[in-house]
Amino acid sequence: CIRDRPWRVFGFVVSFVLAWMIYRFVETPIRHRRMLKIPSRFLGATVGLSAVLTLGSLGIWHSGGLPQRFDPKVSEFLSYAQEPPSQFHMCQDQFARRPMVPCVVGAPDVAPDMLVFGDSHAGAFAPAVSDWLARQGRAAFFSFSHGCLPVQNMGVAKCAAQARGALEFVDQNPGIETVMLMSIWRQPYEAGMLYRGVWASGAPLREAFDDELEAMVLALRALDKRVVIVEPFFGARGHVPKTLAKNAAFGRDWPLDKPLQEHTAEFRYFFAALDRAAQVGAERISLIEDLCTGGMCRALYDGRPVLSDSNHLSGGMSGVISTVLEREMNNLEE
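Because the structure is predicted, anything quoted here is derived from the model rather than measured. (Residues numbered from 1 in each chain as written. Predicted model: local features only at pLDDT ≥ 70, side-chain atom pairs only at ≥ 80, totals over all residues. Heavy atoms only, no water.)

A. Layout of the overall build of the protein chain. The secondary structure content of the protein chain amounts to 11 helices and 12 strands. Put simply, the protein chain has 334 residues, and 44% of those count as buried. Considering only contacts in the protein chain between residues 6 or more positions apart, those separated by 24 or more positions represent 76%. For the protein chain, the exposed surface amounts to about 16900 Å²; the carbon and sulfur share of it is 58%. (Helix = DSSP H or I, 4+ residues; strand = E, 2+ residues; numbered from the N terminus. Buried < 20%, exposed > 50% of the residue type's maximum accessible area, 1.4 Å probe, protein only. Contact = heavy atoms within 4.5 Å. Areas by Shrake-Rupley, 256 points an atom, 1.4 Å probe, with all protein chains shown as cover.)

B. Looking closely at the packing of helix H6 (residues 157–172) against helix H7 (residues 202–222). With their axes 10 Å apart at the nearest point, H6 and H7 run at an angle of 15° to one another. Considering their axes alone, H6 and H7 lie roughly parallel with respect to each other. Here H6 runs over H7; the crossing is right-handed. Between H6 and H7, the contacting residues are Ala163, Leu167 and Val170 on the first element and Met216, Ala219 and Leu220 on the second. Grouping the amino acids of the contact of H6 with H7 by side-chain chemistry returns six nonpolar, no polar and no charged. (Axes fitted to C-alpha atoms, helices over the stretch in contact; angles between N-to-C directions. Parallel < 35°, antiparallel > 145°, perpendicular 65-115°, else oblique. Left-handed = near helix turned anticlockwise from the far one by under 90°. Nonpolar A, V, L, I, M, F, W, Y, C, P; charged D, E, K, R; others polar.)

C. Just the pairing of strand E2 (residues 114–118), in detail. Of all five residues that make up E2, five are buried, and the element is covered over most of its length. When E2 meets strand E3 (residues 139–144), the two strands line up parallel, connected through five bridges. For glycine 118, the partnering residue across the bridge sits in E3 and is phenylalanine 144. A crossover links E2 with its parallel partner E3, the connecting element being helix H5 (residues 120–136), and its sense is right-handed. (Pairing = 2+ DSSP bridges. Right-handed = clockwise from strand over helix to strand, strands pointing away.)

D. Local environment of the environment of glycine 294. Along the chain, the position of glycine 294 falls in the loop between strand E9 (282–285) and strand E10 (296–297). Judged by its relative accessible area of 82%, glycine 294 is exposed.

E. Quick look at empty space enclosed by the protein. Per the stated rule, a full pass over the model turns up one cavity of 30 Å³ or more. The volume enclosed by the largest cavity comes to roughly 50 Å³. Taken together, His121, Ala122, Phe125, Met182, Ser183, Ile184, Val230, Glu231, Pro232 and Phe233 make up the full set of residues lining the largest cavity. At three residues, H5 tops the list of elements feeding residues into the lining of the largest cavity. The residue makeup of the lining of the largest cavity, split by class, is seven nonpolar, two polar and one charged. (1 Å grid on protein atoms, 1.4 Å probe; cavity = no way out; pocket = protein on both sides within 12 Å on 5 of 7 lines; lining within 4 Å. Points joined across faces, edges and corners; volume = space filled by probe spheres on them.)

F. Here's a closer look at the nonpolar core. Formed by 48 residues in total, the largest nonpolar core has its most connected members in Val129, Phe142, Met180, Phe233 and Leu287. Looking at which element gives the most residues to this core, the answer is H5, with eight residues. Ignoring sequence-local partners within four residues, the contact set of leucine 287 consists of Phe125, Val230, Phe233, Ile321, Val324, Leu325 and Glu328. Listed in part, the 36 residues of the second largest apolar core include Met193, Leu205, Val217 and Leu274. (Core = buried A, V, L, I, M, F, W, Y, C linked by side-chain atoms within 4.5 Å.)

G. Examining the pairing of E3 more closely. Burial analysis of E3 places six of its six residues in the buried class, which makes it a mostly covered element. Every second residue of E3 is oriented toward a common face, with Ala139, Phe141 and Ser143 on one face and Ala140, Phe142 and Phe144 on the other, all of them buried. Strand direction decides the pairing type here: strand E1 (residues 103–106) and E3, joined by four bridges, are antiparallel. By the bridge assignment, valine 105 is partnered in E3 with alanine 140.

H. Geometry of the pattern of salt bridges. Counted under the stated rule, the structure contains 18 salt bridges. A salt bridge links glutamate 214 to arginine 276, with the shortest nitrogen-to-oxygen separation between them at 2.9 Å. Pair noted here: glutamate 214 is in helix H7 and arginine 276 is in helix H10 (residues 268–278), with a separation of 62 residues, a long-range link. Via salt bridges that share partners, Arg186, Glu190, Lys258 and Glu266 belong to a single interconnected network. (Salt bridge = Lys/Arg side-chain N within 4 Å of Asp/Glu carboxyl O.)

I. Structural detail: the environment of cysteine 103. Along the chain, the position of cysteine 103 falls in strand E1. What makes cysteine 103 buried here is its relative accessible area of 9%. Taking the C-alpha atoms as reference points, cysteine 103 and phenylalanine 141, 38 residues apart in sequence, are found 5.6 Å from one another. Sequence-distant contacts of cysteine 103, that is, excluding residues within four places in its chain, are made with Met90, Cys91, Gln94, Ala140, Phe141 and Phe142.

J. Representation of the state of the cysteines in the model. One pass over the structure, following the stated rule, counts two disulfides. Between the sulfur atoms of cysteine 148 and its disulfide partner cysteine 159 the distance amounts to 2.0 Å. Taking the sign of the S-S torsion, about -70° here, the bridge from cysteine 148 to cysteine 159 comes out left-handed. Here cysteine 159 lies in helix H6 and cysteine 148 lies in the loop between E3 and H6, a separation of 11 residues in the sequence. Of the two residues, cysteine 148 and cysteine 159, neither departs from the other in class, the shared state being buried. (Disulfide = S-S within 2.5 Å.)

K. Quick look at the packing of H7 against H10. At a minimum axis separation of 9 Å, H7 and H10 run at an interaxial angle of 35°. Between H7 and H10 lies a crossing of right-handed hand. Of the residues in H10, those in contact with Arg206, Phe209, Asp210, Asp211, Leu213, Glu214 and Val217 of H7 are Tyr269, Phe270, Ala273, Leu274, Arg276 and Ala277. Across the contact of H7 with H10, the residue classes break down as eight nonpolar, no polar and five charged.

Here it is, written out as structure tokens:
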């Protein structure tokens, strides 16, 4: 880009000057054996050049890589590549531990009437869930576990323990009226995963997931709980903050947006499983319609990256998603 051009010229000139200095004061004397005849001169030249390079490198490191050489948008985009705020980190794997002490999000000093649990994508939604509940004067128990679907018997031992613990916790807490399941819901449709301790993939794994999702809904409904399943959020074609930063830095236009039709096709198996879960009492909401207008799911919304990588919600979008979540849940009441 134009803003970056002076720095490119500067870098070229500096590299040319350094190359000439090395040639003039190191390479030429060595070739003609002049420097080697005077060790002190050789040592001085080596130390001097090393000092220049070291000081220059330290200066660049101390300034954070000379970020001013880029458009401010570059640093702004990269700032979105962050994990959820630290106050939600303690919410991880709570049901897989003993004793179980789950986090509470939403309004303080209010008895939780919900449970929200799922995988790392649920963790990325934690700020939005908390903001939505706080506005309503409500609170929810909250727990997430990386890579773990909110169903039983699928994944590593930690995942199985998390799902069992969640059901146990719901049974022990009659104040919970609603259970919300949040996930990327992609795991059963990729290379494969453990099911009941045995590796599975393809159609058998998809069928097992269908059964387990239905079983989870039935188990929660048997405890007289309302079950709300959040449909999968869309992904992008690459790491959103990094790609947007590169686009801004180098004047590129690498695409990130994904057609809504492609997203729907990608999760066609899950939507079929969700239809089956709905038949036994699950309700469903989607949070992507505002971001997928015109049939295209956009990685940039109102100038902000929607995702912190290629598929997790960015913290900067929590306010927007919180409003969408409130609207969609209100629509279920109508």
